[in-house]
Amino acid sequence: MLRQDGRKEPAGVTAIETALMMIILVPLVFGIVEFGLLFYDKAMITNASREGARAGIVYQFDPDSERRHPGNEVITDTINDYLENRLVTFGSAVGPTVTISRNPVNGDAPGDRLIVDVLYRYDFLVLPNFVAGLVGGLDLTARTIMRLE
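The rules we used
- Residues numbered from 1 in each chain as written.
- Predicted model: local features only at pLDDT ≥ 70, side-chain atom pairs only at ≥ 80, totals over all residues.
- Heavy atoms only, no water.
- Helix = DSSP H or I, 4+ residues; strand = E, 2+ residues; numbered from the N terminus.
- Expected span 1.5 Å × (residues − 1).
- Bend = angle between axes of the 7 residues up to and from the residue.
- Pairing = 2+ DSSP bridges.
- Axes fitted to C-alpha atoms, helices over the stretch in contact; angles between N-to-C directions.
- Contact = heavy atoms within 4.5 Å.

Enquirer: Even after reading the chapter, I still don't get helix H1 (residues 13-57), so can you show me in this structure?
Expert: An α-helical turn contains 3.6 residues, so a residue and the one three or four places further along point in the same direction. Taking 1.5 Å per residue, 45 residues should reach 66 Å; H1 reaches 66 Å between its end C-alpha atoms and fits that length. Where H1 bends most, at Met22, the angle is about 35 degrees.

The structure is reproduced here in structure tokens:
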């Protein structure tokens, strides 16, 4: 192959240059994909926390008593239902851990606070062996605090 100045380029230089660039380019591209997945899962955890808190602060009609707030099971089910098909896990992840607390404790009066924490262990998907050896997985957390209606 001829260069612009008319001299002949040694054979295989382009292949060597491409191989050297791929050593840098391939991990960079996969890193971008990996962190995109991580930020997406973080957004889904945050949204699930909000959905669960919203489900927990609204009154439900109960024929035996006039009004009541849903129990912790309803909040946890809402979060798990929200995340069931939204997290990018490639089928290998354990579900989130949900912690629900009320302030004051067992508070069910309007204005009391409901605190919903969601903890999810993110295991790297695209570069699992390389990144897991360096940092392992990451704990993604989301907290939502809402007042009862």
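Enquirer: How should I be thinking about the sheet that holds strand E5 (residues 138-147) in this particular structure?
Expert: What holds strands together in a sheet is hydrogen bonding between their backbones, with the strands either parallel or antiparallel. Taken in spatial order, the 3 strands make up an open sheet running E3-E4-E5, and their pairing is antiparallel. Where the open sheet ends on each side, the last strands, each with one partner, are strand E3 (97-103) and E5. Strand-to-strand twist in this sheet, taken as the mean axis angle between neighbours without regard to direction, amounts to 15 degrees. Bridging between strand E4 (residues 113-122) and E5 involves 10 bridges; their strand directions are antiparallel. Paired with Tyr120 across the strands is Leu140, a residue of E5. Strands in contact with H1 are E4 and E5; relative to E5, the strand with the most contacts, it is inclined by about 30 degrees. Its contacts with the sheet place helix H2 (residues 72-84) against E3 and E4, and it is angled at close to 140 degrees to E3.

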